[in-house]
Amino acid sequence: MKKLCLLGLSIGLASHSVWADTKPAPIENKDAFVSNLMKQMTLDEKIGQLRLISIGPEMPRELIRKEIAAGNIGGTFNSITRPENRPMQDAAMRSRLKIPMFFAYDVIHGHRTIFPIPLALASSWDMDAIGRSGRIAAKEAAADSLDITFAPMVDISRDPRWGRTSEGFGEDTYLVSRIAKVMVKAYQGETPSAADSIMASVKHFALYGAVEGGRDYNTVDMSPVKMYQDYLPPYRAAIDAGAGGVMVALNSINGIPATANLWLMQDLLRKEWGFKGLAVSDHGAIFELIKHGVARDGREAAKLAIKAGIDMSMNDTLYGKELPGLLKSGEIQQSDIDNAVREVLGAKYDMGLFKDPYLRIGKAEDDPADTYADSRLHRAEARDVARRSMVLLKNQNETLPLKKTAKIVLVGPLAKAPIDMMGSWAAAGKPEQSVTLLDGMTHALGDQAKLTYVRGANITEDKKVLDYLNFLNFDAPEVVNDPRSAQVMIDEAVKAAQQSDVIVAAVGESRGMSHESSSRTDLNIPANQRDLIKALKATGKPLVLVLMNGRPLTILEEKEQADAILETWFTGTEGGNAIADVLFGDYNPSGKLPISIPRSVGQIPTYYNHLSIGRPFTPGKPGNYTSQYFDDTTGPLFPFGYGLSYTSFSLSDMALSSTTLNKTGKIDASVTVKNTGKRDGETVVQLYIQDVVGSMIRPLKELKNFQKVMLKAGEQKVIHFTIEEDDLKFYNAQLKYAAEPGKFNVQIGLDSEDVTQQSFELL
């Protein structure tokens, strides 16, 4: 057995069969281990550790293994099975120092079992369900030999034109921060060195959700106060929760790209926040410093990135090519390289790879017989989480739940769309394992009722959009249109609707319309689908819209046309069954919006917690010389925190334990919530606070806490919230985080608009 003596410890680093049969000696503390290893590394070996290579045509597998064995690659991404990754780890074990590889992937909302997209997970307001989805994703990814995920994505998104809205958790700082902590702990478990855990790399650092015009990769120009108050806290929450990595954003911040931003990466992340983990560039971002116009060439781009503190260069050749010359010329210091190498090796240590490079790869004889077997999925859990993530937006005359004895026609291009059910960034999910809405309704009904399906419309008839959606799918077109004319399909749907008791229309976006680089100027449902909805409405039959989309859509007209609207987002592997559970009343919807739905694209941004202004518009009063759009109603179509149920809930007036609060004290805010309907159900009780007068303008209200509560029909419960000085703190003009004495309004409600209010004074 070959051995490498590091720190005086014998650590078996030969073939995996030997490794697996040997219990490695415990490795002493990380800093000492990494420092001693670095003393044995050549410059080329150090720079090799900084290269994160994408598996693909530009780097064939044989060449990758050769480069790994030479010590020239530190990690890869997009290789996602044990048989793929084992030969690469074997190659690392043939390298001089036998430094293990790590294997990364974008595990965003599930690995093989695809859970609802993050925006949908946030709609659940259910931290247990969200954590369960992350823990299962980690276990599945680790079982497939993955060590790290580029997630969670915690960018605050207030412009739904941005395609990556689907990947995040919405518009609110507090809610996204809560979820950020939950997801990091779910991925990393008790420790990222556990065999069933993976390291979290929070992204995109920073402010990516604030790109101008909602256009991906665009610039961000933002005041420091707005950064600290609204956009930075979720990243900080993830780091405080122990995230081992950070993926750096592609955008610039106040004129300096994040990848070259010394203030962002050094002053804020490393010094102010104390982050000691791995900083990874986004895909090709170092080279893009040339296109940003801050680097003359690749040499200067590499210099700017390494000095800013970008530890690993993702899918980028510049570190390997340029760092040796930059060091020789004195333009960078050895410490610039060493600092980055130390973080890479430290991350591998934290992942447990120095104790066992095959920790998650395992032995070949233990590989699953069928990597893609259905038995490896967690269907029951996916179905449960998906049901919790849907938001009932309208339910006129109790159209829902549907009766299982009714004659139902299912219409729409998304009723039978397995790939779209999964949403964007569906990791290793397989479309053929998705349950479509047609599947789910068929399962739910059995022989009880007549279910008719007709397509009714294509996703879009716009050839330019269709070509865009299919551009990057190399195997086959992702969106395949029915060749019949739009009118022929509508006529068929209308005929079927006339012979039915109720219409269910699955409409919205294909998953590619809510994806990276898929920014939109128009948030309407595509025109041909709107024509279908109009024709179905004209039949006079009850019309249920099942929305599938990755961002808020402008559905002002559809709200008037539909009798019921269920926002399902993209629900994942078990989506069809979960939606059917809700449609037929086997599950009572409880989701709440994590992002406001605007009336029109012209209203954007429409987030709820905007700052107070001098001439606010007051509903019911003349709008002249107030802040309003004179050609439409001011305010969202559906507010943040909104969501209906098949039962009804009431809130009592709020009670405060005191009308004053000192700096070390607490106030109890309580309210009685009652299920006043005939069905058991859950709702989310939300606490908002307004700082009435401050040294600078403060928001109209801010979410500060919430509780999700289940109540049986007729049951009531007193909900308590504790308010402390920390809940009242904000970043002032000097970026000091503090609370200011004065009056505060406390609001408790079932959404951000319908609230009961009391006041207290901070002394």
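Everything numeric here is computed off the predicted structure, so don't read it as measured data. (Residues numbered from 1 in each chain as written. Predicted model: local features only at pLDDT ≥ 70, side-chain atom pairs only at ≥ 80, totals over all residues. Heavy atoms only, no water.)

At the junction of alanine 151 and proline 152, the peptide bond is cis and its omega measures out at 0° in the coordinates. One can find proline 152 in the loop between β6 (148-149) and α8 (173-188). For the bond running from phenylalanine 205 to alanine 206, omega is 10°, close enough to zero to count as cis. Checked against the element boundaries, alanine 206 lands in the loop between β7 (199-205) and α9 (224-231). In this structure, lysine 98 takes a positive phi of about 55° despite not being glycine. Looking at the secondary structure, you find lysine 98 in the loop between α5 (82-93) and β5 (102-105). For glutamate 398, which is not glycine, the phi torsion reads 50° and is therefore positive. Assignment of secondary structure puts glutamate 398 in the loop between β13 (391-395) and β14 (408-411). By relative accessible area, which is 67% here, glutamate 398 ends up exposed. (Helix = DSSP H or I, 4+ residues; strand = E, 2+ residues; numbered from the N terminus. Buried < 20%, exposed > 50% of the residue type's maximum accessible area, 1.4 Å probe, protein only.)

With that settled, consider the nonpolar core. If you look at the biggest cluster of nonpolar residues, it comprises 140 residues, and the most contacted ones within it are Phe205 and Leu323. A total of eight residues in this core trace back to one element, the largest contributor, which is helix α7 (residues 127-143). Leave out the neighbours within four places in its chain, and leucine 323 touches Ile47, Leu50, Ala302, Ile306, Leu318, Ile332 and Ile337. Counting residues in hydrophobic clusters, the runner-up holds 76 residues, among them Leu445, Val507, Leu547 and Ala578. (Core = buried A, V, L, I, M, F, W, Y, C linked by side-chain atoms within 4.5 Å. Contact = heavy atoms within 4.5 Å.)

Taken in spatial order, the six strands make up an open sheet running β13-β18-β17-β16-β14-β15, and their pairing is mixed. The open sheet has two free edges, formed respectively by β13 and β15 (451-454), since each of these has just one partner strand. Neighbour-to-neighbour, the strand axes of this sheet turn through a mean angle of 15°, independent of strand direction. Looking at chain direction, β14 and β15 are connected through four bridges and run parallel. The residue bridging valine 409 from the neighbouring strand is threonine 452, located in β15. (Pairing = 2+ DSSP bridges. Axes fitted to C-alpha atoms, helices over the stretch in contact; angles between N-to-C directions.)

Turning to the UniProt feature "domain: Fibronectin type III-like" (unreviewed entry) in the protein chain, a few remarks are in order. As recorded in UniProt, the sites labelled "domain: Fibronectin type III-like" (unreviewed entry) are residues 683-752. Secondary structure across residues 683-752 comprises 0% helix and 56% strand; the distance between its end C-alpha atoms is 14 Å. (UniProt positions renumbered as here; feature names shortened; annotations may be inferred.)

What follows covers the packing of helix α13 (residues 298-308) against helix α14 (residues 318-329). Between α13 and α14, whose axes approach to 9 Å, the crossing angle comes to 80°. In this view, α13 runs roughly perpendicular relative to α14, as classed from their interaxial angle. Along its contact with α13, which presents Gly298, Arg299, Ala301, Ala302, Lys303, Ala305 and Ile306, the element α14 presents Leu318, Tyr319, Glu322, Leu323, Gly325, Leu326 and Ser329. (Parallel < 35°, antiparallel > 145°, perpendicular 65-115°, else oblique.)

So, about the pairing of strand β16 (residues 502-508). Extensive coverage of β16 is indicated by the burial of seven of its seven residues. In β16, alternate side chains face the same way, and those of Val502, Val504, Ala506 and Gly508 on one face and Ile503, Ala505 and Val507 on the other are all buried. In terms of strand pairing, β14 meets β16 through four bridges, oriented parallel. Residue pairing for β16: valine 409 is matched across the bridge by isoleucine 503.

Our next topic: the pairing of strand β18 (residues 564-567). Strand residues, when the strand is regular, have side chains that alternate between the two faces of the sheet. Side chains Ala564 and Leu566 of β18 all project onto a buried face; the interleaved residues Ile565 and Glu567 project onto the opposite face, where all are buried too. Pairing between β13 and β18: four bridges, direction antiparallel. By the bridge assignment for β18, valine 391 is matched with glutamate 567. Direction of pairing for strand β17 (residues 543-548) relative to β18: parallel, over a ladder of four bridges. Residue leucine 547 lies in a different strand from β18, and its bridge partner there is glutamate 567.

Here we come to the packing of aromatic side chains. Across all of its chains, the model carries 15 aromatic pairs by this definition. Between phenylalanine 744 and phenylalanine 760 the ring centres are 5.6 Å apart and the planes differ by 15°, which places this aromatic pair in the stacked class. Within this pair, whereas phenylalanine 744 is found in strand β28 (residues 742-749), its partner phenylalanine 760 is found in strand β29 (residues 755-762), the two being separated by 16 residues in sequence. Phenylalanine 760 carries the same exposure label as phenylalanine 744, and that label is buried. (Phe/Tyr/Trp six-rings, centres within 6.5 Å; stacked < 30°, edge-to-face > 60°.)

So, on to the domain arrangement of the protein chain. Each assigned domain of the protein chain is listed with its residue range as follows: domain 1 (50-100), domain 2 (106-354), domain 3 (379-603) and domain 4 (649-762). Spacing between the C-alpha centres of domain 3 and domain 4 amounts to 35 Å. Listed by partner, the interface residues are seven residues for domain 3 and nine residues for domain 4. Of the roughly 610 Å² buried between domain 3 and domain 4, counting both surfaces, carbon and sulfur atoms make up 34%. Between glutamate 682 and arginine 388 there is a salt bridge whose closest N-O contact spans 3.5 Å. Run the count over domain 3 and domain 4 and you get four residue pairs in polar contact (both at pLDDT 80 or more). Of the residues contributing to the side of domain 3 that touches domain 4, the split by class is two nonpolar, three polar and two charged. (Domains from an automatic or database assignment. Buried area = accessible area lost by both parts, 1.4 Å probe. Salt bridge = Lys/Arg side-chain N within 4 Å of Asp/Glu carboxyl O. Polar contact = N/O pair within 3.5 Å; in protein donor to acceptor, adjacent residues only side chain to side chain. Nonpolar A, V, L, I, M, F, W, Y, C, P; charged D, E, K, R; others polar.)

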